[in-house]
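Structural description and commentary
As a plain string of letters, each chain reads:
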Amino acid sequence: MLKVLAAPGPVSYPMIAATMRNHDILIDFGKEGKADVILDSTVSLVRRGLRLDYITIKGLMVVSPDVGNRMGVWRQGSAADVLTRALLDKKGLKSQLVYSDDMGKLKEMLQNGEVDSIVVASVISKGKTFEELLGIPGSCGVHVNGDREGFISAYQEGIDIMKQDPQGSAEYVMKRLPVQVNPKMISDLPKVVTLLIERTSDYSDFEQLVKRYI
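An account of the accompanying structure is given in this report. All of these numbers come straight from a predicted model, not from anything done at the bench.

1. Things to note about the sheet that holds strand E10 (residues 140–144)
Within the open sheet, the six strands sit side by side as E2-E1-E3-E10-E4-E11. Their pairing is mixed. This sheet does not close on itself; its edge strands, each paired only once, are strand E2 (25–29) and strand E11 (194–199). Across the sheet, the axes of successive neighbouring strands diverge by a mean angle of 20°, strand direction being ignored. Pairing analysis gives four bridges linking strand E4 (residues 54–58) to E11, with the strands arranged antiparallel.

Given below as structure tokens:
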């Protein structure tokens, strides 16, 4: 049995999808506890002091259309917030940040001219990724305590399922998440981000950057 502890966001979707065929996976959602595999954003893994073994998603969060003077940012204290503040310092800018827990509302604020730009998931709006703007290694990743080959096999199977059956896997994943998510945001994910299993090398610069802003 592969025991997984996952943040209930996009990083968990392929692993959930894998359980459509693989019943030897036990997933708990949250950030407390121990498991064979821990899935979270790369920022959160560094924040939690966990080794970043693999990158699993690239291009998840974007700045749309570009850095502005008044920026709508998803969720204060989130990975998006940490990376936005790091980006502004890198560019030497003093943009005003407006926070919201609702990405849809942020998009409306941009359309209404209430903000100049927004920081949201790439399934919500097109924009420039933090991989492009800040050179981060990836948006989401994994810390593996146990069977690496078991993780790789299961996660890759989940990625394949999401690509082969976007609608069916989205409905399945949605029903098993502890939070409400529009199934279209799940089915569209493989179209707008890069889902992969990439072994990390030296990510010390990213680690130092995150620790500066958490």
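Alright, that's what it looks like, and here's the rest.
2. A word on the side chain of Ser117
Mapped onto the fold, Ser117 is located in strand E8 (residues 117–121). With relative accessibility at 0%, the residue Ser117 sits in the buried group. Polar side-chain contacts of Ser117 include one of 3.1 Å to the backbone nitrogen of Gly68. The contacts of Ser117, once residues within four sequence positions are left out, are Val63, Ser64, Pro65, Asp66, Val67, Gly68, Arg70, Met71, Gly72 and Leu110.

3. Observations concerning the layout of surface pockets
Roughly 950 Å³ of volume is contained in the largest pocket. If you trace the largest pocket, you find 41 residues lining it, with Gly9, Pro10, Trp74, Arg75 and Met103 closest to the centre. Within this model, the second largest pocket holds a volume of roughly 220 Å³. Around the second largest pocket, the lining comprises 15 residues; the ones closest to its centre are Gly135, Pro137, Asp202, Tyr203 and Phe206.

4. Topic: the side chain of Asp81
Tracing the chain through its elements places Asp81 in helix H3 (residues 79–91). A distance of 2.7 Å separates a polar atom in the side chain of Asp81 from a polar atom in the side chain of Tyr99. Other than its neighbours up to four places away in sequence, Asp81 contacts Val73, Arg75, Gln76, Leu97 and Tyr99.

5. Examining the pattern of salt bridges
Overall, the coordinates contain twelve salt bridges when judged by the stated rule. A salt bridge links Asp40 to Arg48, with the nearest nitrogen and oxygen atoms 2.8 Å apart. With a relative accessible area of 3%, Asp40 lands in the buried category. Given the relative accessible area of 24%, Arg48 is considered partly exposed. Through salt bridges that share partners, Arg51, Asp53, Arg148 and Arg199 make up one connected network.

Here is what the cut-offs are and how they apply
- Residues numbered from 1 in each chain as written.
- Predicted model: local features only at pLDDT ≥ 70, side-chain atom pairs only at ≥ 80, totals over all residues.
- Heavy atoms only, no water.
- Pairing = 2+ DSSP bridges.
- Helix = DSSP H or I, 4+ residues; strand = E, 2+ residues; numbered from the N terminus.
- Axes fitted to C-alpha atoms, helices over the stretch in contact; angles between N-to-C directions.
- Buried < 20%, exposed > 50% of the residue type's maximum accessible area, 1.4 Å probe, protein only.
- Polar contact = N/O pair within 3.5 Å; in protein donor to acceptor, adjacent residues only side chain to side chain.
- Contact = heavy atoms within 4.5 Å.
- 1 Å grid on protein atoms, 1.4 Å probe; cavity = no way out; pocket = protein on both sides within 12 Å on 5 of 7 lines; lining within 4 Å.
- Points joined across faces, edges and corners; volume = space filled by probe spheres on them.
- Salt bridge = Lys/Arg side-chain N within 4 Å of Asp/Glu carboxyl O.

Purely geometric numbers; function is a separate question.
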